[in-house]
Amino acid sequence: MNLPTDAPFVSRPAPRFAAGVLALGVHAVFVLLLVFGVSWQTQHPAPVMVDLWENLPKAAPPVAVKPPEPPPPPPVKAPEPVKAVPAPKPVADEPAPPKAPDIALEKKKAEAERLRKQKAEAERLEKLKAIQAEEQQARAEAARKAHEKQLAEQKKRELLRQMEEDLMQRTADEEAANAALAMKQAAERAAASKRQTEVARVVGQHRDQISAKVRGNTRLPDNLKGNPEVRCAVRLLPTGEVQSVRVTQSSGNAAYDEAVVRAIEKSSPLPLPADRDARAAFVPELSFVHRPKE
Amino acid sequence: MNPELSQDLSLLHLVLNASLPVQIVMALLLGASLMSWWFIFIKMFALKRALRMTDRFEREFWGGGDINAMYQRVAAEREDAGEMEHIFEAGFREFMKLRRQTGLSLNVIIDGTRRAMRATYQRELDGLESHLSFLATVGSVSPYVGLFGTVWGIMIAFMGLSSVAQATLAQVAPGIAEALIATAMGLFAAIPAVVGYNRYTHDIDRLANRMESFMEEFSNILQRQATKAV
């Protein structure tokens, strides 16, 4: 009987710590809600003083009556249009100028001439000014353009230089990265080969152990001669239990083959390495070579 | 009248000014509430996981995979396997062991397999149901504990009233308020516990039903396979 392989599996307990934190969180939220959500203080409003007057002072009524006053102004304004009616007076004055029409006319003409001349002069000046301004603007524009061009060229040159620098920097970086990568790969290769030899060692060890166990369980038939070799294919579970055994290459002695198969079944569970990679050599199928003697 | 004393009804003040029995009751209820919430969350995580794993397993099982391959997978990662997977593993392992021993009748093989599955089923169910009794206890008892604290607090408040010549409401109001906090805490502990208990027993019942039907169906499948092989 092999009880340990029959031992039941007991499930892991659920995450306790997270649950504890959540429980504390629920209570904290509830307490905060109570402390800040409910107003526990009953506040009395501040007392208000009220004065009661039996006889109001006399000054008060005018204040109350004042608002009606605005209406009166319109009546005051209304008479004004009536006053405007006598306005024709200026109209009556106007007929007076005709007394000296020539002078006025000439004066007016001269005045107009003067104004016209002035206006023309001003226009001319303005035009001149505009032309000058335009020229100035054009010059400024040209200067600005030249300056911009210069700036652009400078920028271009700088950019070129920077690109060159970048390129150099990048190649240097790449070289460094390549070197680092090569070193890393070499280290990885070394680690992998080391691991491989380790795995191979473990595999060999367990092969020996399995052979020893099977050999111990083998009952050799009486008619066995020499040291014949049997090859078997053994299907294994990850726990080492033997599922099935099949003879792939017989030794020529049927009784001996049978004895080896029985011995392998008897040896279940076979000792398997704990290492996952090493176990891959045994699971799910192990090709097994057996000789009665070493 | 002493307005300052009668108006300060902050939560902390009420709790700290309560009499000793009432304070003990409050501490007890706070502890019960914390524990029950803890278990509620533990059960919530565990049941969610169990439901998820059961769904996954049933999909895989009835999806028409190779039983041998599935057994190997479950045996290899039993740490992460769900409840139903454990039942399946136990049953199939027993079945294989029994079948290897020649000379056993079909009935013996199937009975042994079913016994192995039932044992694992009981164990898994026990794990799922742990802590639930605590929730039930908190849910039914803590309102009474809170009520006890309240009655005690009100008694104290009225005893204080007897020594005063002119009784006013302001003399008993703080005592009654602090006593009533005990009832509130009892209800606060009880309500989530009752809800959680009902919810989880229902969930576990449904899971148990699924597991039992699976056991029956799986026994049938194994029986068919064994008859075919013999």
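Residues numbered from 1 in each chain as written. Chains lettered and ligands numbered in written order. Predicted model: local features only at pLDDT ≥ 70, side-chain atom pairs only at ≥ 80, totals over all residues.

**Remarks on the overall build of chain B**
Part 1 of the argument: When helices and strands are tallied, chain B shows eight helices and zero strands.
Part 2 of the argument: A buried classification covers 33% of the 230 residues belonging to chain B.
Part 3 of the argument: Long-range pairs, those at least 24 residues apart, make up 82% of the contacts in chain B between residues at least 6 apart in sequence. (Helix = DSSP H or I, 4+ residues; strand = E, 2+ residues; numbered from the N terminus. Buried ≥ 20, exposed ≤ 12 C-beta atoms within 10 Å, placed from the backbone. Contact = placed C-beta atoms within 7 Å.)

**Side note on the overall build of chain A**
Part 1 of the argument: Each helix and strand counted, chain A has eight helices and three strands in total.
Part 2 of the argument: The secondary structure elements of chain A, listed N-terminal to C-terminal, are α-α-α-α-α-α-β-β-α-α-β.
Part 3 of the argument: Taking all 294 residues of chain A together, 9% fall into the buried category.

**Details of the packing of helix H3 (residues 20-62) of chain B against helix H5 (residues 83-100) of chain B**
Residue and element names in this part refer to chain B.
Part 1 of the argument: The N-to-C vectors of H3 and H5 enclose an angle of 50°; their axes lie 7 Å apart at closest approach. Accordingly, the angle class assigned to the pair H3 and H5 is oblique. Here H3 contributes Ala-50, Met-53, Thr-54 and Phe-57 to the contact with H5, which in turn contributes Glu-83, Met-84 and Glu-85.
Part 2 of the argument: Of the residues assigned to the contact of H3 with H5, the class counts are four nonpolar, one polar and two charged. (Axes fitted to C-alpha atoms, helices over the stretch in contact; angles between N-to-C directions. Parallel < 35°, antiparallel > 145°, perpendicular 65-115°, else oblique. Nonpolar A, V, L, I, M, F, W, Y, C, P; charged D, E, K, R; others polar.)

**A short note on the sheet that holds strand E2 (residues 242-249) of chain A**
All names here are of chain A.
Part 1 of the argument: The strand order E2-E1-E3 describes an open sheet built from three strands, whose pairing is antiparallel. Each having just a single partner strand, E2 and strand E3 (285-290) make up the two edges of the open sheet. The average undirected angle you get between the axes of adjacent strands in this sheet is 25°.
Part 2 of the argument: Strand direction decides the pairing type here: strand E1 (residues 230-236) and E2, joined by six bridges, are antiparallel. (Pairing = 2+ DSSP bridges.)

**As for helix H6 (residues 106-129) of chain B**
Residue and element names in this part refer to chain B.
Part 1 of the argument: Taking 1.5 Å as the rise per residue, H6 with 24 residues should run 34 Å; its terminal C-alpha atoms sit 34 Å apart, in good agreement.
Part 2 of the argument: All of the buried residues along H6 are Ile-109, Thr-113, Arg-114, Ala-116, Met-117, Thr-120, Tyr-121, Glu-124 and Leu-128.
Part 3 of the argument: A positive backbone phi angle near 75° is found at His-131, which sits one or two residues after H6. (Expected span 1.5 Å × (residues − 1).)

**Some thoughts on unusual backbone geometry**
Part 1 of the argument: Note that the residue after A:Ser268, namely A:Pro269, is joined by a cis bond; omega there is -5°.
Part 2 of the argument: Topologically, A:Pro269 is positioned in the loop between helix H7 (254-266) and helix H8 (276-279).
Part 3 of the argument: A positive phi angle, close to 75°, is found at B:His131, a residue other than glycine.
Part 4 of the argument: When you line up the elements, B:His131 lands in the loop between H6 and helix H7 (132-162).

**Comments concerning the confidence of the model for chain A**
Residue and element names in this part refer to chain A.
Part 1 of the argument: Summary statistics for chain A give a mean pLDDT of 79 and a share of 77% for residues scoring 70 or more.
Part 2 of the argument: The low-confidence segment residues 76-85 (pLDDT under 50) makes zero contacts with residues lying over four places distant or belonging to another chain.
Part 3 of the argument: Contacts from residues 87-95, a stretch scored under 50 in pLDDT, to residues over four places away or in other chains number zero contacts. (pLDDT = per-residue confidence, 0-100.)

**What to know about the packing of H5(B) against H6(B)**
All names here are of chain B.
Part 1 of the argument: Closest axis-to-axis distance for the H5/H6 pair is 8 Å, and the angle between their directions is 155°. For the element pair H5 / H6, the angle class is roughly antiparallel. Judged by the twist between their axes, the crossing of H5 over H6 is right-handed. Two secondary-structure elements touch here, H5 through Glu-83, His-86, Ile-87, Ala-90, Gly-91, Glu-94, Phe-95, Leu-98 and Arg-99 and H6 through Ile-109, Gly-112, Thr-113, Ala-116, Met-117, Thr-120, Tyr-121 and Glu-124.
Part 2 of the argument: Partitioning the contact of H5 with H6 into residue classes produces eight nonpolar, five polar and four charged. (Left-handed = near helix turned anticlockwise from the far one by under 90°.)

**Points about the pairing of E3(A)**
All names here are of chain A.
Part 1 of the argument: Of the two faces of E3, only the one carrying Leu-286, Phe-288 and His-290 is buried; Glu-285, Ser-287 and Val-289 on the other face are not.
Part 2 of the argument: Both E1 and E3 contribute to a ladder of six bridges, which runs antiparallel. Pairing of Cys-232 across the sheet is with Phe-288, part of E3.

**Details of the confidence of the model for chain B**
All names here are of chain B.
Part 1 of the argument: Taken over all residues, the pLDDT of chain B has a mean of 87, while the share at 70 or more is 95%.
Part 2 of the argument: Counted against residues more than four places away or in other chains, residues 1-7, with its pLDDT under 50, gives five contacts.
Part 3 of the argument: Here the complex is predicted with pTM 0.50, and the ipTM for its interfaces comes to 0.71.

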